[in-house]
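Report on the structure
Single-letter residue listing:
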Amino acid sequence: MFELLGIPPQALFGQLLLGLINGSFYALLSLGLAVIFGLLNIINFSHGAQYMMGAFVAWMLLTYTGINYWWALLIVPLVVGASGVVIERLMISRLYHLDHLYGLLLTFGLALIIQGLFRNQYGVSGLPYSIPAELSGGTNLGFMFLPNYRGWVIVASVVVCFATWFAIEKTRLGAYLRAATENPTLVGAFGINVPRMITLTYGFGVALAALAGVLAAPIYSVNPNMGADLIIVVFAVVVIGGMGSILGAILTGFGLGIVEGLTRVFYPEGSAVVIFVIMAIVLLVKPAGLFGRTQ
Amino acid sequence: MTTQSETGYRSEAAALPIGTPRHHMVIFAVLFGLLLVAPSVLYPVFLMKVLCFALFASALNLLLGFGGLLSFGHAAFFGSSSYVAAYAAKAWGFNPEFAILLGVLAAAVLGLGIGALAIRRQGIYFAMVTLAFAQMVFFFALQAPFTGGEDGIQAVPRGRLFGLIDLSSDLTLYFVVLAIVFGALLLIYRIIHSPFGQVLKAIRDNEPRSVSLGYKVNRYKLAVFVMSAALAGLAGATKAIVFQLASLTDVYWTMSGEVVLMTLLGGMGTVFGPLIGAAVIVTMQNYFAGFGAWVTVLQGAIFVVSVLLFREGIVGVLAKWLKKPL
C-alpha cells in the first residue's frame, strides 16, 4: 500500500468520509438557516434544538409505535416542521417590526426550553437508534470500506440540498420567495400572501433541520444535547459562507466538513477549532463571507 | 422585513440625558448601604455570587445597552479570566489582587483579539461571531494542559489581600468583593456618562450618521468591546477567588446566554437593570438548584416572555412608570 505524506490511506479516507458526513449535516443545517434568514431576517437559534427534536421524534416513532426509519424520514420533518409553523405564528411573527436581535434572543430561549424538556424526560446519556436493515453492512470500495448507512447519508443530503437549491432558484414558487426576500411589500402588492409564505418558509427550514436529525439518529446517539454544540459550529459555517447564497451555504458546509476531516488526520488537536480559525481568517480577508454580499 | 438598519439595538427605555441625574447617586448610596448590612440577613457567599454576576451583566450591558452590540460570547472573557486568576493564585501563589489583575489583563487582551475580528460584521453576524469565538475558547479550556480539563482548577487559595488581610473568612471577603464590584459599577456609570459614552450612544442609534460626523466608529466599538471584556474578566476573576474554583461552566455558551438573560430581564440600556436581573436569576438558580433541567426550561421561558412582552425589562418598566431614567 502506498502512503500519502506518511498517513496510511485507510486513515486518510476514513477521516475524509467522517468529514463528508459532518459536512452533510453542516450543509443541511446551514441551508435551513440561510433559507429562514433570507425571508425572516432572523437567525434561528433553535435550529440545533429542532435538529435534536427530529432525532427524538424518529426514536419515539420507532420505540412507541414501531414506525420504521423510512416512514420517519417522511413523518418527522412534517411533524417538527408543523411545530415550527406554530412557533412562527404564535411568537416569531410578533417580532418582525423589531430589531433582528430579538428574534435571536427569542429562538435562543425556545432552544433552552426544548433542550431542558427533553433532558428532563430522557436524561443526557443518549438513546440508541439502530441502522435500518436495508442499509446495514458495508461495501468494499477497493481503497476503503464504506459503511452503507454513511454512504446513504451523504447521498441523501446531497439530493436534499440540490432539490432545495432547485426549488428556490428554478421554480415559480422559488421565484416568489426570492422576490419576497428582496422586497416583501412589493410582492405583497402583487397579490401574494407574504405572511403565509414566511410561515411556510420557517416551517420548511425547521423541517430541514428535523430531516438532518433523522439522518443523524443512527450515527450519533440520540441525546438532548446533540444539537447544542453543533449549532455553534454551523453558525461559524454560516459566517464563513455568508448567507446570501443557497449554493454557497451548501458548498461551504461540505467543504468545511472535509477540511475538518483532513485536520483530524494531520493535526488532531486542532480539529475542534479549525472551523473557528477559518472563520477568523475569512473575517480578516473577506468580512462578508465567501459567498456573501456586503449589506 | 423592516426598513430598520441592521446595525444594532435601540433601547426602548427612556434615553439617559446628558449629565448625572441626582437620583442615580441617591440610588447608588442606598444600594451601597443596603449591601453593607445585607450579610447580617443573607448568606455572604450567595451575596458575593449576586455581586459578581451583577458586575458581569453590567459589563455586558455596557456593550449591548449602550454600544448596541450583542455579544453572545461573553463567557469567553468571564471564563478565561477566571482560569488565569485561579491558576495565578494556585500555581504561582499570587496575592488575590494580582491574580485578579492578571485575569482582567488576560480578558482585555482576548477582548482586543476577538473584538477586532467581530466588529467587522454587524447585527446578528456579530452575535454569531462572538459566540463562535467563545466556543473556540471553550475548546481551548477543555484541552489546554493547565486548565484541568473537566475538573477545572479547584481549591484555589483565597490568600491574603495585599499580603495583609486574610480572606478565608466569608465576611471579610464579602466586603472586599463589595468594594471591587461597586468600584467597577461606578466606573461603568462614569463611562456611560462620559463624552465617550455619548458618542457610543450616537453610534448605537445611528451608525451611518456618526460616521458622517467624522467619528471613527470602529475604534469606539473596539474600545467599548475591550472595556466590556475586561470588566467581565474582573467579574470572572473575582468569582474564581470567591468560589475557589475555575471550571468549564464559566466559559461555556450557557454562561454567555445567562448573562444576556440577566441584562434583558433587568433592562437593556438601563443603569440598574443588570443588577436586578442578576439578583433575580441567581436567586432563581439557587432555589431551583435541585430541579435539574427545569432551571434551563425556566430560563428559556423567561427569555421568551421577556422578548415577547417585556422588552424594557424590570427596571425599564419602572423607569417608564416613574418617568425617570434609571
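Quick note: structure is the one above.
Description of the structure in this document. (Residues numbered from 1 in each chain as written. Chains lettered and ligands numbered in written order. Predicted model: local features only at pLDDT ≥ 70, side-chain atom pairs only at ≥ 80, totals over all residues.)

**What to know about the overall build of chain B**
Where we set the bar: Counting from the N terminus, the helices are the DSSP runs of H or I reaching at least four residues and the strands are the DSSP runs of E reaching at least two. To get the radius of gyration, use the C-alpha atoms; to get the globule rule, take the number of residues to the power 0.38 and multiply by 2.2 Å. Field definition: a residue is buried when 20 or more other C-beta atoms are found within 10 Å of its C-beta, exposed when 12 or fewer are, and partly exposed for counts in between, with C-beta atoms placed from the backbone. The contact rule is simple: place each C-beta atom from the backbone, and if two of them lie within 7 Å, those residues are in contact.
For chain B, the helix and strand inventory stands at 13 helices and two strands. Here the C-alpha radius of gyration of chain B, 19 Å, is about what a compact globule of 326 residues would show, namely 20 Å. Across its three principal directions, the C-alpha atoms of chain B cover 55 × 40 × 40 Å. Residue burial in chain B is summarised as follows: out of 326 residues, 54% are buried. In chain B, the proportion of contacts linking residues at least 24 apart, taken out of those at least 6 apart, comes to 79%.

**Observations regarding the overall build of chain A**
Along the backbone of chain A there are 11 helices and two strands. For chain A, the sequential pattern of α-helices and β-strands runs α-α-α-α-β-β-α-α-α-α-α-α-α. Over its C-alpha atoms chain A spans a radius of gyration of 19 Å, differing by no more than 12% from the 19 Å that the globule rule assigns to 295 residues. Expressed as lengths along the three principal axes of its C-alpha atoms, the size of chain A is roughly 65 × 50 × 35 Å. When the 295 residues of chain A are sorted by exposure, 50% land in the buried category.

**Quick word on the environment of Gly-138 of chain A**
All names here are of chain A. When you line up the elements, Gly-138 lands in strand β1 (residues 138–140). Given 14 C-beta atoms within 10 Å, Gly-138 falls into the partly exposed group. Among residues more than four places away in sequence, those in contact with Gly-138 are Phe-145, Leu-146, Pro-147 and Asn-148.

**What to know about the interface of chain A and chain B**
Put simply, the rule is: The nonpolar class holds Ala, Val, Leu, Ile, Met, Phe, Trp, Tyr, Cys and Pro. Asp, Glu, Lys and Arg form the charged class, and all remaining residues, Gly among them, are polar.
Across the boundary between the two partners, chain A contributes 39 residues, which contact 39 residues of chain B. Of all the secondary structure elements, the ones that give two or more residues to the side of chain A that touches chain B are α4 (100–122), α9 (228–241) and α11 (274–285) of chain A. The element contributing the most residues to the side of chain A that touches chain B is α4 of chain A, with 16 residues. Partitioning the side of chain A that touches chain B into residue classes produces 27 nonpolar, eight polar and four charged.

**Looking at the packing of helix α3 (residues 75–91) of chain B against helix α9 (residues 217–243) of chain B**
To describe two helices that pack against each other, one gives the angle between their axes and the distance between the axes. All names here are of chain B. To be explicit about the condition: As a rule, the C-alpha atoms of each element are fitted with a line to give its axis, helices using only the stretch in contact, and angles between N-to-C directions run from 0 to 180 degrees. Note on terminology: angles under 35 degrees are roughly parallel, angles over 145 are roughly antiparallel, angles of 65 to 115 are roughly perpendicular, and the others are oblique. Crossing handedness is read from the near helix: turned anticlockwise from the far helix by less than a right angle, it gives a left-handed crossing, and turned clockwise, a right-handed one.
It is at 7 Å that the axes of α3 and α9 come closest, and there the two elements cross at 45°. The angle between the axes of α3 and α9 places the two elements in the oblique class. Remark: the crossing between α3 and α9 carries right-handed chirality. On α9, the residues that touch Phe-77, Phe-78, Gly-79, Ser-81, Ser-82, Ala-85, Ala-86 and Ala-89 of α3 are Ala-229, Ala-232, Gly-233, Ala-235, Gly-236, Ala-237, Lys-239, Ala-240 and Ile-241.

**What about the nonpolar core?**
The criterion, for reference: Only buried residues count toward a nonpolar core: Ala, Val, Leu, Ile, Met, Phe, Trp, Tyr and Cys, linked into one set through C-beta atoms within 7 Å.
Judged by nonpolar contacts, the single largest core of 207 residues is most densely connected at Leu-55 and Ala-132 of chain B. Tallying contributions element by element places helix α2 (residues 44–66) of chain B first for this core, with 16 residues.

By themselves, these are just geometric observations and shouldn't be taken as functional.
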